[in-house]
Amino acid sequence: MGSSLILKVRICLKASKPFFYQGSSASYTRNASLCKSSQLPFAARFLCSRHNNPNPGGRQTDRGNSRETDGQGGVRHGTVRRREEELWDGATKGGGKSSALWHRPSSPKSVFAAGTAKRTTEMLKRKTSLISQGEEQRGGQSERRTTGGAAKVQPPTRPLSAAEWRTLKESLGNPPRFDIQMMSTLFTCGAELDIAKSLLTFVAMETGTLSYELLLRYLTLCVSGGHNAEVFDVYDIMRGNFPSLETGASSLFIKSFCRTEKWREAVVILGEIKKVFTPSPRNYGDIIAAALLNGDATTAWALYDELMEKGLSPHPETWNALFKGVRTTTEEEEGEKEALAMSRSEQQERLLKVLLYMRNNQIYPQHGLANTIKTWFESLTEQSWTGSWTIASPKGVCGGCGSGLESIQLTDEEYQQLKDRVMTDIIQGQDVFNKTTPEELEMFKVFVEKKPVFDVVVDGLNVANISKDKGRQSEMLLTVVSELERQGLTVLVLGRKHMLRPSRSWDRHNMKLIQQKAHCFFTDNISEDDPFLLYATLQSGNHCRFVSRDLMRDHKACLPDGATRRLFFKWQRGHQLVVDGHVAAGRRVRFQSIPSYDTIIQTSADSWHVPYDDTEDRCTYEVPQRWLCLTTNH
């Protein structure tokens, strides 16, 4: 640690005693003889312990960029109704009867629009704010009564002597993991490094050993604070006194080394990790970024290819470094024209493949990465690229260049492929008869075959439950079905048999009217509606849509591969109707807009269109609303 304590200490370890593991304290010790150093500020003896298996907490994986949590699955209900109502055609060209569906006017905000779930959650929170405030006040009073005597331990604000640390430890009742807990507290509070050093000195004097776990916590503090010189010293100590490093320490060393001129040492550590298991995308990304920063594009791309071959998904920071690094490299090599032209051509081809990978995997870059992509395109001066930030019209026209975006509608080949996979993996999947019975499913198939082709399939129970008033469920369903019938559509309503029993929720007269306006099929009460809904919709053809607030995430997960799941999501966004706003008897029912274009990276001979995230609130089932438009006159 530079001129710090650890460099001044000589560590002499005996080889005569066996290693052993001391329970939950995760301290690895052995008998050792200490060689005193006259340079010590305290007359401390400083030990690092060894163990054959220096993994106190099991394998530590890199979770730094995990962001796969779904948000709320609710539907956004508009609070302001517009006076002007207009028809919006979101169907395929030619439309048919389904093109007349009543939609919310332009500037569509569908259930799949980025941030919709977050806004819905915030709206619900506002509605219950008064209740929540009351509960918080009561809870706060209860907490003060419960924890009044249990003050949180505060870390020291300056380095302590060994005697002072001992006094502090005794005042807390001599807890067995005092050193580990205090080092964690110092890290959490962002304490000065010298305070952590003084804690190490105390532990070495007090116990004659430093555990692997304690050094790992100290290492974390050093890396987070950017104390690279200290990291080098910890690396030398742990390398010399432990037979191997677990993933947590290895990842921290890679991260820190990649910030310095010693970045190639991180490649060595990566190689050692690969002997045991697959490194994380973060491990690869740190070294790729360091290689590019130091002008070694060959190593960077070799590691990127290796990462992809292992089936790992790169972090956005890695792509950001690749787009930035290539531009820097080419500027530095400007004098070598022939080599530069070849290098530019090869690296440009690789970066375009990165964009195609994002397209094929439906990945949306954050605004920062999109800006780097824009800058890279514009740096290709011989091709005269121009980038602009824009949005698409409801008809799928780019606001930047005026060109049309790819249709949300599936091709005939895509539709047949999806239909076959849904039939096999969802309708006839292994657990299908946990949702229905063979007899009921066969009866439904016969029912669908005998009926005319449907334009819309309605999840009756789901739509009825839009009303929070249980006494208005049948009225809600009747209002929606009446709207669809008014538009001349052939409607199928899927319900459950209990809906046919007159009750406060299910008015007999309303249910009779529904059966007059639409074809109806009522499943057993224990059956799930969704497989029936998907079967009827897909069997009716590519024009048929369905009405439901269910986002079908469980069913999408049943599909066997990512490509089919993405195809399902595309079909879903182009066919799912969600009731928008308040529904009142006797008034028109509006549905959230279905875009006519696909939100995916797309290219033509003279353009690229990249949808990008401009919000942190997007859930995994939502799509961005803003685009990067790139065009060239070359």
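All values derive from a computational prediction rather than experimental measurement. (Residues numbered from 1 in each chain as written. Predicted model: local features only at pLDDT ≥ 70, side-chain atom pairs only at ≥ 80, totals over all residues. Heavy atoms only, no water.)

(A) Seen up close, the pattern of salt bridges. Applying the stated criterion across every chain yields a total of 26 salt bridges. Of the charged contacts, one joins K197 and D194 as a salt bridge, the two residues approaching to 3.9 Å between their closest N and O atoms. Placement of the pair is K197 and D194 together in helix α6 (residues 193–207), with a separation of three residues, close to one helical turn. A relative accessible area of 16% places K197 in the buried class. Among the charged side chains, a salt-bridge network with shared partners connects E414, K570, R573 and D598. (Salt bridge = Lys/Arg side-chain N within 4 Å of Asp/Glu carboxyl O. Helix = DSSP H or I, 4+ residues; strand = E, 2+ residues; numbered from the N terminus. Buried < 20%, exposed > 50% of the residue type's maximum accessible area, 1.4 Å probe, protein only.)

(B) Representation of the packing of helix α16 (residues 412–427) against helix α21 (residues 530–540) within the structure. With their axes 11 Å apart at the nearest point, α16 and α21 run at an angle of 155 degrees to one another. The orientation of α16 with respect to α21, classified from their angle, is roughly antiparallel. Two packed elements cross with a definite hand, and for α16 against α21 that hand is left-handed. On α21, the residues that touch Y415, K419, V422, M423, I426 and I427 of α16 are P531, L534, Y535, T537, L538 and Q539. Per-class residue counts for the contact of α16 with α21 are nine nonpolar, two polar and one charged. (Axes fitted to C-alpha atoms, helices over the stretch in contact; angles between N-to-C directions. Parallel < 35°, antiparallel > 145°, perpendicular 65-115°, else oblique. Left-handed = near helix turned anticlockwise from the far one by under 90°. Contact = heavy atoms within 4.5 Å. Nonpolar A, V, L, I, M, F, W, Y, C, P; charged D, E, K, R; others polar.)

(C) View of the pairing of strand β12 (residues 607–612). Of all six residues that make up β12, six are buried, and the element is covered over most of its length. Covered by surrounding structure in β12 are S607, H609 and P611 together with W608, V610 and Y612, the residues of both alternating faces. Bridging between strand β11 (residues 602–604) and β12 involves three bridges; their strand directions are antiparallel. Residue pairing in the sheet places Q602 in a bridge with H609 of β12. Here β11 folds back onto β12 in antiparallel fashion, the turn holding two residues. (Pairing = 2+ DSSP bridges.)

(D) Layout of the confidence of the model for the protein chain. For the protein chain, the mean per-residue pLDDT works out to 79, and 72% of the residues sit at or above 70. With pLDDT under 50 throughout, residues 1–100 is counted as low confidence; its partners more than four residues away or in other chains account for 237 contacts. Every residue in residues 104–108 scores below 50 in pLDDT, and together they form 17 contacts with partners more than four places removed in sequence or on other chains. (pLDDT = per-residue confidence, 0-100.)

(E) Representation of the packing of helix α9 (residues 247–257) against helix α11 (residues 281–293). Closest axis-to-axis distance for the α9/α11 pair is 9 Å, and the angle between their directions is 20 degrees. Regarding the angle of α9 to α11, the classification is roughly parallel. Of the two elements, α9 crosses α11, and the hand of that crossing is left-handed. Here α9 contributes S251, I254 and K255 to the contact with α11, which in turn contributes N283, D286 and I287. Partitioning the contact of α9 with α11 into residue classes produces two nonpolar, two polar and two charged.

(F) Here's a closer look at the environment of P560. Along the chain, the position of P560 falls in the loop between α22 (553–557) and α23 (562–575). Judged by its relative accessible area of 46%, P560 falls in the partly exposed class. A C-alpha to C-alpha distance of 9.9 Å links P560 and V422, two positions 138 residues apart in sequence. Beyond its immediate chain neighbours, meaning those up to four positions away, P560 contacts R421, D425 and R565.

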